[in-house]
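Each chain is listed here by its residues.
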Amino acid sequence: MATVATSVRGRRERRETSAVRAFRATPFTYGTLIVVAAILSTPLVFVGSIALSSDATVNANTFTIVPREFHWENFSRVFGTELPMGTFLINSVIISLFSVAGQVLSSGLVGYAFARLRAPGKSTMFLVVLATMMIPTQITMIPQFILFRDLGWVNTFLPLIVPNFSSNAFNIFLVRQFVSRLPSQLDEAAMVDGLGFFGIYRRIMFPMLRPVLIAIGIFTLTHTWGDFMGPLIYLNDESKMPLALGVQYITSTSQAMQAPPWNLVMVGSILLAVPMIVVYYLGQKYLYEMDISGGSAGVK
């Protein structure tokens, strides 16, 4: 038996070694990756080059991909324009954080209910929820505006925040698939101990759902942080506009027959992009752990 076990172990190790050897990178692989990375990063480098340009370069429209000037004061000048860029940034933070909180809370509860609760017509209702994913946003845009106008919510943050507390079909689907793969014995053992559905969700399911809920938070933050159409429709006062809309308004501060301050516009674009890059960098491990096919991330 020991000989057989040793032989099987040896064959397994040889297969693993050959698999590693098959995917071993070569100098050509690294060279190809460097070339592709350089091509994909060219727009970002160009944005940084414009952001560091002087006003004379902007007026002459003599931009270069590789920065030749380094006017770091542009990052402070953007807050000294006629527009309240600091207020725009704070508004974006408020809208994004409340939207993330609404999506995480509602998606977790609704997805858990579809996965665990027994109710007549639950499957049909879930299909209806999934069917809403096929409805284009443009179709519901006018009815939503009429509804929020009648509620008196126009020119407030409410139309941008409150709908997130109703979740959406995609996030509900993610949570439902994740929970449905978790062992049902966990719920049964908790019920024996006297916990109800809310207690089970709060004490058992919510900690296990951390990877998928963090992923939902990242998706929601990315969408709301860079959302342009929603604030454009519902907000009128400059003091309530988020950064995504405020960056566009920088182009309107230029005088007639004068080029917009593209260096300041690119600084605003960097302020929009950098927080999302940091968020993805910090949350990428949770995105990798979000294994909806088996739910294994929640029971590690």
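Here is a short report on the structure shown in this document.

Definitions and cut-offs
- Residues numbered from 1 in each chain as written.
- Predicted model: local features only at pLDDT ≥ 70, side-chain atom pairs only at ≥ 80, totals over all residues.
- Heavy atoms only, no water.
- Patch = residues over 30% accessible without salt bridge, like charges linked within 9 Å, V, L, I, M, F, W, Y side chains within 5 Å.
- Areas by Shrake-Rupley, 256 points an atom, 1.4 Å probe, with all protein chains shown as cover.
- Salt bridge = Lys/Arg side-chain N within 4 Å of Asp/Glu carboxyl O.
- Helix = DSSP H or I, 4+ residues; strand = E, 2+ residues; numbered from the N terminus.
- Phe/Tyr/Trp six-rings, centres within 6.5 Å; stacked < 30°, edge-to-face > 60°.
- Buried < 20%, exposed > 50% of the residue type's maximum accessible area, 1.4 Å probe, protein only.
- Lys NZ or Arg CZ within 6 Å of the ring centre and 35° of its normal.
- Polar contact = N/O pair within 3.5 Å; in protein donor to acceptor, adjacent residues only side chain to side chain.
- Core = buried A, V, L, I, M, F, W, Y, C linked by side-chain atoms within 4.5 Å.
- Contact = heavy atoms within 4.5 Å.

### So, a nonpolar patch on the surface
A cluster of nonpolar side chains, contributed by Val45, Phe46, Ile65 and Val66, occupies part of the molecular surface with about 330 Å² of accessible area. Among the secondary structure elements, Val66 is positioned in the loop between α3 (55-60) and α4 (74-77).

### Digging into the packing of aromatic side chains
Scanning the model with the defined rule gives 8 aromatic pairs in all. Relative to Tyr201, the ring of Tyr112 has its centre 5.5 Å away and its plane inclined at 45°; by these criteria the two rings are tilted. Here Tyr112, found in helix α5 (residues 85-116), pairs with Tyr201, found in helix α11 (residues 197-208); they are 89 residues apart in sequence, far enough to count as distant. Residue classification places Tyr112 among the buried residues on the basis of a relative accessible area of 3%. An angle of 75° between the planes, with centres 5.6 Å apart, marks the rings of Phe148 and Tyr234 as edge-to-face. Here Phe148, found in helix α7 (residues 137-151), pairs with Tyr234, found in helix α13 (residues 229-234); they are 86 residues apart in sequence, far enough to count as distant. The class of Tyr234 is buried, set by a relative accessible area of 5%. What links up through ring pairs into an aromatic cluster is the set Phe145, Phe148, Trp153 and Tyr234. We note Arg176 situated over the ring of Phe126; from NZ or CZ to the ring centre the distance is 4.5 Å.

### Side note on the environment of Gln177
Mapped onto the fold, Gln177 is located in helix α9 (residues 169-180). Taking the relative accessible area as the measure of exposure, Gln177 reaches 13% and is therefore buried. One polar contact links Gln177 to Arg176, side chain to side chain, over a distance of 2.7 Å.

### Things to note about the nonpolar core
Membership of the largest hydrophobic core comes to 38 residues, with the highest contact counts inside it found for Leu209 and Leu213. Those elements that provide at least two residues to this core are α2 (27-51), α5, α9, α11, α12 (210-225), α14 (243-250) and α15 (262-289). If near-sequence neighbours (up to four positions away) are discounted, Leu213 is found in contact with Val104, Gly108, Val175, Tyr201 and Phe206. Counting 7 residues, the second-largest nonpolar core is a separate cluster that includes Ile95, Phe148, Phe157 and Ile161.

### A look at the pattern of salt bridges
Evaluated as defined, the whole model comprises 3 salt bridges. Residues Arg149 and Asp150 are paired through a salt bridge, measuring 3.5 Å at the closest nitrogen-oxygen approach. Judged by its relative accessible area of 46%, Arg149 falls in the partly exposed class. The class for Asp150 is exposed, based on a relative accessible area of 56%.

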